[in-house]
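Inside the fold
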Amino acid sequence: MWELHEYKNQSALLNNLTVRISDLLCKQIQQGGKASIALSGGSTPKTLYQQLSGQSLPWQSVIISLVDERWVAEVNASSNARFIKNTLIQNQAARAIFIGMKTSHRDVFAAAESLSNILERHTLPLDLVLLGMGLDGHTASLFPDAKGLTEALSDTCRPVCCAIQPQPSADDANPTARMTLSLNTILSASVRILYISGAAKRDVLEQAFIPGSVTDMPVRAVLHDSQTMTEIYYAPDD
Ligand SMILES: O=C(O)[C@H](O)[C@@H](O)[C@H](O)[C@H](O)COP(=O)(O)O
């Protein structure tokens, strides 16, 4: 199930989403002493993270982790850890605690078990997971027909995170291996937000609203979960 929040422009969306997340963090810290959030990389959330970084919150009580990571060193421009540190963990939010995914394992599949234990110990339970979506209907690094997808989508999947090797595509003939939170872990978060921009993704979202193959459009596994709500934030590109 989902609730769709559509805005006329990015500015209106960003102001509302910044308040939504800031209020959630403050409430959770007041109630439980800390807040744990798992964030997506990509490009869409850049301005959101920059706006959040300036919010005056008890950031020292916020644990920031990742929904997924490309299996590259942090110095690599495509690293999600690098993206989050350069956009969110700045200014007021510089005091936040960051727990990344990239380990020293060369093979992402060899890293999954030990990383899963670390994330289970230091990031769960998740108070918020912020997701994006690709034009192919992936979310997190749950890519259509990817190696590792079956385990990552399994409702009996114990590991907090799973290794994924996306299939080559017209956009990317040699896709980077990735680590992703499992569907179970994503669905376990108290609040789940899907943030997308642009008319093309709005069309993909309409396709994803139609029940169908989850391996073709893994975002369906999130949207059509009957137990927990997905808050969708959408605005056209400016
Ligand atoms: O590592 C990643 O790329 C993200 O976690 C991924 O799931 C992202 O949210 C979508 O690919 C959308 O990316 P854009 O925001 O760049 O369109």
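Now for a description of the structure that goes with this document. (Residues numbered from 1 in each chain as written. Predicted model: local features only at pLDDT ≥ 70, side-chain atom pairs only at ≥ 80, totals over all residues. Heavy atoms only, no water.)

1. A few points about helix H7 (residues 199-209)
What counts is decided by this rule: Categorising residues by exposure relies on relative accessible area from a 1.4 Å probe, with only protein chains included: less than 20% of the type maximum marks a residue as buried, more than 50% marks it as exposed, and the intermediate range marks it as partly exposed. Runs of H or I in DSSP of at least four residues are treated as helices and runs of E of at least two as strands, each being numbered from the N terminus. Within this analysis, the arc is defined by the directions that extend from the helix axis to the C-beta atoms. Contact between two residues is taken to exist if any of their heavy atoms lie within 4.5 Å; hydrogens are not considered.
All buried positions along H7 are accounted for by Lys201, Arg202, Val204, Leu205, Ala208 and Phe209. End-on view of H7: buried residues confined to an arc of 160°, all on one side of the axis. Looking at H7, the residues exposed on the side facing more than 90 degrees away from the buried face are Ala199 and Asp203. Here the buried face of H7 lies against strand E1 (2-6), strand E9 (191-197), helix H8 (219-223) and strand E10 (230-235).

2. Re the packing of aromatic side chains
Short version of the rule: Centres within 6.5 Å are what make two rings of Phe, Tyr or Trp a pair, Trp counting through its six-membered ring; a difference in plane orientation under 30 degrees is then read as stacked, over 60 as edge-to-face, and the rest as tilted. The rule for a charge over a ring is simple: NZ of Lys or CZ of Arg within 6 Å of the ring centre, and within 35 degrees of the ring normal.
Applying the stated criterion to the full structure yields three aromatic pairs. With 6.0 Å between their ring centres and 15° between their planes, tyrosine 7 and tyrosine 233 make a pair best called stacked. Taken together, the residues span a long stretch of sequence, with tyrosine 7 in the loop between E1 and helix H1 (10-32) and tyrosine 233 in strand E10 at a distance of 226 residues. This pair shows no difference in class: tyrosine 7 is buried, exactly as tyrosine 233 is. Arginine 202 extends its terminal NZ or CZ atom over the ring of tyrosine 234, reaching a point 5.8 Å from the ring centre.

3. Describing unusual backbone geometry
Put simply, leucine 124 and proline 125 share a cis peptide bond, and its omega is 0°. For asparagine 91, which is not glycine, the phi dihedral falls at a positive 50°. Considering the arrangement of structural elements, one finds asparagine 91 in the loop between helix H3 (80-87) and strand E5 (97-99).

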